[in-house]
Amino acid sequence: MSELVDDRMTPRKLGRSTALLIAAAFRADPRKALLVLVLTPVSGATAAVTAIGLRLMVDSATAADLAGMMSAAALMAGALVVAFLASTLVAEARIQLQLRVGLVLDQRIMTLCGSLPQLDHHENPAYQDRLDLLRNHRQGLGGAFGIIVENARTLITFGLTVSLLMSVRPELLFLVLLALPTVLAVRRGERATAQAEETTTEPNRLRKSLFALVTSPLSAKEIRVYGLQGELAERHRDLQEQVDGPKRRAEWRSTLWTSGGWTLFGLGFAGALYLVVSAALQGKATPGDVVLTLSLGSQLTSNVSGMITMLSFLQRSVRTVGYYLWLDDHAKAVATAGNGSAVPPPPGHDLVLDRLTFRYPGAARPNLDNLSLRLPAGSTVAIVGENGAGKTTLVKLLCQMYQPTSGRITYAGRDITDYDLQAWRSRTTACFQDYLRPEFLLHESVGLGDLPRIDDFPAAERALDRAGASALPGLLPHGLRTQLGATFPGGTDLSGGQWQKLAMARAGMRAAPLLRVLDEPAANLDPAAEYEIFRSFQETAAQSDEGTITVFVSHRFATVRSADLIVVLDDCRIREVGSHEELMAAGDLYATLYALHAKGYQDQ
Ligand SMILES: Nc1ncnc2c1ncn2[C@@H]1O[C@H](COP(=O)(O)OP(=O)(O)OP(=O)(O)O)[C@@H](O)[C@H]1O
Ligand SMILES: [Mg+2]
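Residues numbered from 1 in each chain as written. Chains lettered and ligands numbered in written order. Predicted model: local features only at pLDDT ≥ 70, side-chain atom pairs only at ≥ 80, totals over all residues. Heavy atoms only, no water.

Note the following rule: UniProt positions are given in the numbering used here, feature names are shortened, and annotations may be inferred rather than shown by experiment.
An unreviewed UniProt entry lists the protein chain under the name ATP-binding cassette subfamily B protein, with Nonomuraea soli as the source organism. Check the Subcellular location (unreviewed entry) section of the UniProt entry for the protein chain; it says "Cell membrane".

**Examining the coordination of the magnesium ion (ligand 2)**
What counts is decided by this rule: Atoms of type N, O and S within 2.8 Å of a metal are treated as its donors, and for Na, K and Ca the window is 3.2 Å; water is not considered, so some sites may appear to be missing partners. Helix numbers and strand numbers start at the N terminus; a helix is a DSSP run of H or I with at least 4 residues, a strand a run of E with at least 2. For every residue, the accessible area obtained with a 1.4 Å probe (protein chains only) is divided by the maximum for its type, and the residue is called buried under 20%, exposed over 50%, and partly exposed between those limits.
Around the magnesium ion (ligand 2), the donor atoms from the protein are Thr392 (OG1) and Gln433 (OE1), and they sit 1.9 to 2.3 Å away. Placement of Thr392 in helix α11 (residues 391-398) and of Gln433 in the loop between β6 (428-431) and α13 (442-447) is noted, with a sequence separation of 41 residues between them. When its relative accessible area of 24% is taken as the criterion, Thr392 is described as partly exposed.

**Side note on the packing of aromatic side chains**
Cut-off, in case you're wondering: The rule is short: rings of Phe, Tyr and Trp, with Trp giving its six-membered ring, pair when the centres are within 6.5 Å, and they are stacked under 30 degrees, edge-to-face over 60, tilted in between.
This structure, assessed with the given rule, holds 12 aromatic pairs. Taking 5.7 Å as the distance between ring centres and 80° as the angle between the ring planes, the aromatic pair formed by Tyr411 and Trp424 counts as edge-to-face. Highlighted residues: Tyr411 in strand β4 (residues 406-411) and Trp424 in helix α12 (residues 421-426), separated in sequence by 13 residues. For the ring pair Phe557 and Tyr594, a centre distance of 6.1 Å and an interplane angle of 75° mean the geometry is edge-to-face. You can see Phe557 sitting in helix α18 (residues 557-560) and its partner Tyr594 sitting in helix α20 (residues 589-603), a full 37 residues away along the chain. Assessed through its relative accessible area of 5%, Phe557 is described here as buried. Residue class for Tyr594 comes out buried when judged on its relative accessible area of 15%. Through a chain of ring-to-ring contacts, three or more aromatic side chains come together here, namely Phe358, Tyr360 and Tyr402.

**Focus on the packing of helix α4 (residues 125-137) against helix α7 (residues 201-215)**
To characterise two packed helices, one gives the angle between the axes of the helices and the distance between these axes. Let me state the cut-off plainly: An axis is simply a line fitted to the C-alpha atoms; with a helix, the fit covers only the stretch in contact. Between two such axes, the angle follows the N-to-C directions and lies from 0 to 180 degrees. To sort the angles, those under 35 degrees are grouped as roughly parallel, those over 145 as roughly antiparallel, those from 65 to 115 as roughly perpendicular, and the leftovers as oblique. Should the near helix be turned anticlockwise from the far one by less than a right angle, the crossing is termed left-handed; should it be turned clockwise, right-handed. Residues are treated as being in contact if the distance between any of their heavy atoms lies within 4.5 Å. Throughout this entry, Asp, Glu, Lys and Arg are counted as charged residues, while Ala, Val, Leu, Ile, Met, Phe, Trp, Tyr, Cys and Pro are counted as nonpolar. The remaining residues, Gly among them, count as polar.
The interhelical angle for the contact between α4 and α7, taken along N-to-C directions, is 65°, at an axis separation of 10 Å. Relative to α7, α4 is oriented roughly perpendicular. The way α4 lies across α7 gives a crossing that is left-handed. Residues Pro125, Gln128, Asp129, Asp132, Leu133 and Asn136 of α4 form the contact with α7, whose participating residues are Thr201, Glu202, Asn204, Arg205 and Lys208. Classifying every residue of the contact of α4 with α7 by side-chain character gives 2 nonpolar, 4 polar and 5 charged.

This is the structure:
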């Protein structure tokens, strides 16, 4: 994690963050963004104009100059009205912009996360830590535009205040220098707090996952059966302490440094007043100058305190935007150029594994070890093996979710990584073990499997039929248009098996894929239903001459035996390959497992 943390607020970073936020604000609401950008400097200048009016008023009064006094009053009244109008309009626009900019950036984050081409980042703790920080702070992104604008306003007010003070006596510039230690103290405190947070992302993530576990409806049953709530709350408390302790200490140190800085500034301000009052007593300054210094002095105090608050907000915002920019850079760095070769059109070709080896990041030994195998076009291939044998890992590699550690997979004689990744993905389809439960309308939840045809009702019906769920629309209140998900008003939840059939139906949506993967597609179904569904996929494949390779993983041997090719994985290696008859004749692991299963069924 530590090598990823770069918390310096460099001008480049500030510039990039500002550009990003301004662009997002204009995308979210161009009129309000323009209003905020134009009116903010105006409202920043009004305080200085009021102070000038005050000096003019006092000096005109001393000289009994009525016209001067009238002009001063007009100036101050005008500044007051402009300040009021500008700040009201800006505040209103900023609140609305905050929400919209937040949504624009949320959508961008969703797109970036979803567009990372492969899955290896999910096994990378540094990536997870950064993404956690972005998730935790992303609500601040919406307000960051307002904060940058507010900083600009504070700077303008500050600059004008300082120029006016120097017009009274140039030495008063030293007040600005005295504000510097406080600014630095706040900056340092902010960094220390953020670093404390960044070094505790891991316990923080665990803490949140515990909270999510206890509050999720999926965990409700086991938590009750095993009485886990007390234990989980206890663990949550321990993790909370690990997260909060360093942060609390950093905040406390920051308060100490800032208090020291403020004491110094207070002493300096007293000195400045002494300087101007003695000059006035010696006739070297006018009464207006004394009033101006008093007014500007207190303005400077609120300026500096505003600047400090703003600076700490700014630092936080730039940091949060930094997490976003990191994701943006990461997505660009891993994006495939999209200029790979075109995937050959149907009919399909053979897929060949050539000494394929894969190891998950951090794994001590290969999770797939030197696999060589030909999957003929148009065939159905069953992959069997015990839990953890590497079946899911193999199908994920076929779908290009990871790059092989060594060796390769070829299609039509070319390494599959040579093909354009999006084109490759659009010619594959899959039902994974951990399938989605999209809470959309029923036909959409199926149609997601072929996005351009999401509203193709007959296609959804055919896919449901092939997945053994042709009766499902008839059981639901609005048929194919039924809203899925109990959390939606009028929504309907489905059983585990029904959700799984929907996942299979999605996998049947794409026409003429070169590869269809079904990873334990029917674990929630009874063996007869699984067998029927598998037959229907197999028949579809046999009837077409598109050459789709159907790879399925199953622990049910009644289904497995009808595959054209059976691959037995054992301890991440290929142990046997052949048809059911060949493997039974060989009398090795497959025959043993098959006999065990058959005996199990006979005993029942
Ligand atoms: N994301 C991951 N990161 C690290 N190791 C993993 C990951 N996923 C799986 N593994 C490891 O890889 C090995 C193979 O896992 P895989 O999921 O491919 O097994 P499987 O044969 O599909 O098992 P099952 O029948 O239980 O689904 C296991 O030892 C597992 O611990
Ligand atoms: Mg698996």
